[in-house]
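Close look at the chain arrangement
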Amino acid sequence: MSSLLTIDTIRIALILTLLYLAYVDLRTFRLPNAITFPMIFLGLIFNFYSTEKLTNFSDAVTGSVLGYVCIWGLNDIYWRFKKQHAIGMGDAKLLAALGAWLGLSAMVNILFFASIGGIIGGLIWLKMHQKSIRSAFPFGPFIAIAGIIELLWPQLLQTRLLSSLI
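Now for a quick tour of the structure.

About the thresholds
Residues numbered from 1 in each chain as written. Predicted model: local features only at pLDDT ≥ 70, side-chain atom pairs only at ≥ 80, totals over all residues. Heavy atoms only, no water. Helix = DSSP H or I, 4+ residues; strand = E, 2+ residues; numbered from the N terminus. Buried < 20%, exposed > 50% of the residue type's maximum accessible area, 1.4 Å probe, protein only. Contact = heavy atoms within 4.5 Å. Expected span 1.5 Å × (residues − 1). Patch = residues over 30% accessible without salt bridge, like charges linked within 9 Å, V, L, I, M, F, W, Y side chains within 5 Å. Areas by Shrake-Rupley, 256 points an atom, 1.4 Å probe, with all protein chains shown as cover. Salt bridge = Lys/Arg side-chain N within 4 Å of Asp/Glu carboxyl O. Core = buried A, V, L, I, M, F, W, Y, C linked by side-chain atoms within 4.5 Å. 1 Å grid on protein atoms, 1.4 Å probe; cavity = no way out; pocket = protein on both sides within 12 Å on 5 of 7 lines; lining within 4 Å. Points joined across faces, edges and corners; volume = space filled by probe spheres on them. Axes fitted to C-alpha atoms, helices over the stretch in contact; angles between N-to-C directions. Parallel < 35°, antiparallel > 145°, perpendicular 65-115°, else oblique. Left-handed = near helix turned anticlockwise from the far one by under 90°. Phe/Tyr/Trp six-rings, centres within 6.5 Å; stacked < 30°, edge-to-face > 60°. Nonpolar A, V, L, I, M, F, W, Y, C, P; charged D, E, K, R; others polar.

1. A few points about the side chain of Ser64
- Structurally, Ser64 can be placed in helix 3 (residues 57–82).
- With a relative accessible area of 8%, Ser64 lands in the buried category.
- Setting aside its immediate chain neighbours within four residues, Ser64 contacts Ile40, Ala96, Gly99 and Ala100.

Right, here's the structure in full:
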């Protein structure tokens, strides 16, 4: 008899959670700590104890810390120059959660796809809502979509896109 916590069940739960967070961020410009904090801790616990890990524990810790620090650092640099926030810390916690679940190696793909999606989707969002280019738009949905891409097609950037260029 197989366990209820198969790797496929975990992936489905993560995808559903990411879709919910994307929806909430689109509607409220917020990513609730009540979901992002447990995601971080559960990802670390899962990758420490599970035999069906998504990554090894040290990569989960490093990915989580790097995910948070990347967003926090961008925000800090922007704050120093413009005296306003560039990105919300909910986005940093979401990226930390994805790092905890998927590890350091996933961060490049997630940041790449979230950035490309954020540029294209952000321009569309601003146009649809008749906002200026300086207006805020939710970035969490693009991080969530990039996380889903990484869950469904791990290392897509390295294995499929970059290998076809070489």
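2. Structural notes on helix 5 (residues 104–128)
- Counted at 1.5 Å a residue, the expected span for helix 5 with its 25 residues is 36 Å, and the 35 Å between its end C-alpha atoms agrees.
- One or two residues past the end of helix 5 sits Gln130, with phi positive at roughly 50°.

3. Re a nonpolar patch on the surface
- On the surface, a cluster of nonpolar side chains totalling about 1,200 Å² of accessible area is made up of Phe37, Phe41, Leu42, Ile45, Phe48, Tyr49, Phe57, Val61, Val65, Tyr68, Val69 and Trp72.
- Of all elements in the fold, only helix 2 (33–49) and helix 3 reach the threshold of two or more residues within the nonpolar patch.
- Looking at where Val61 falls in the secondary structure, it is placed in helix 3.

4. Describing the nonpolar core
- Of all hydrophobic cores here, the largest spans 38 residues; its most connected members are Leu18, Leu54, Trp101, Leu102, Ile110 and Ile143.
- Only helix 1 (7–28), helix 2, helix 3, helix 4 (89–102), helix 5 and helix 6 (140–152) provide two or more residues apiece to this core.
- With nine residues, the single largest contributor to this core is helix 4.
- Apart from residues lying up to four places away in sequence, Ile110 is in contact with Leu95, Leu98, Leu102, Ile143, Ala146, Gly147 and Glu150.

5. A short note on the layout of surface pockets
- Put simply, the largest pocket is a space of about 1,000 Å³.
- What lines the largest pocket is a set of 33 residues, and nearest its centre among them are Ala86, Ile87, Ala136, Phe137 and Phe139.
- Ranked by residue count, the leading element in the lining of the largest pocket is helix 5, at seven residues.
- In this structure, the second largest pocket spans a volume of roughly 170 Å³.
- Around the second largest pocket, the lining residues are Leu5, Ile10, Ala13, Leu14, Thr17, Ile35, Met39, Leu42, Phe46 and Trp101.
- Within the residue set of the lining of the second largest pocket, elements represented by two or more residues are helix 1 and helix 2.

6. With respect to the pattern of salt bridges
- Following the criterion strictly, the structure yields one salt bridge and no others.
- Across the salt bridge formed by Arg80 and Asp76, the nearest N and O atoms sit 2.9 Å from each other. Taken together, the positions of Arg80 and Asp76, both in helix 3 and four residues apart, correspond to about one turn of that helix.

7. Some remarks on the packing of helix 5 against helix 6
- Two elements in contact, helix 5 and helix 6, have axes whose closest approach is 8 Å; the angle formed by their N-to-C orientations is 135°. As judged from the angle between their axes, helix 5 and helix 6 are oblique. Helix 5 and helix 6 meet at a crossing whose hand is right-handed. In this structure, helix 5 contributes Ala106, Asn109, Ile110, Phe113, Ala114, Gly117, Gly118, Gly121 and Gly122 to the contact, and helix 6 contributes Phe142, Ile143, Ala146, Gly147, Ile149 and Glu150.

8. Remarks on the packing of aromatic side chains
- Under the definition given, this model contains seven aromatic pairs.
- Taking 4.8 Å as the distance between ring centres and 85° as the angle between the ring planes, the aromatic pair formed by Phe48 and Tyr49 counts as edge-to-face.
- With 6.3 Å between their ring centres and 80° between their planes, Phe137 and Phe142 make a pair best called edge-to-face.
- Taking relative accessible area as the criterion, Phe142 reaches 17% and is therefore assigned buried.
- Among the aromatic residues, those joined into a cluster by ring pairs are Phe48, Tyr49 and Phe57.

9. Brief notes about the packing of helix 4 against helix 5
- Interhelical geometry of helix 4 versus helix 5 gives an angle of 135° and a closest axis separation of 8 Å. Classed by the angle they form, the pair helix 4 and helix 5 counts as oblique. Two packed elements cross with a definite hand, and for helix 4 against helix 5 that hand is right-handed. When helix 4 is examined against helix 5, the residues Leu95, Leu98, Gly99 and Leu102 are found in contact with a partner set consisting of Leu104, Ser105, Ala106, Met107, Ile110 and Leu111.
- Within the contact of helix 4 with helix 5, the residues separate by chemical class into eight nonpolar, two polar and no charged.

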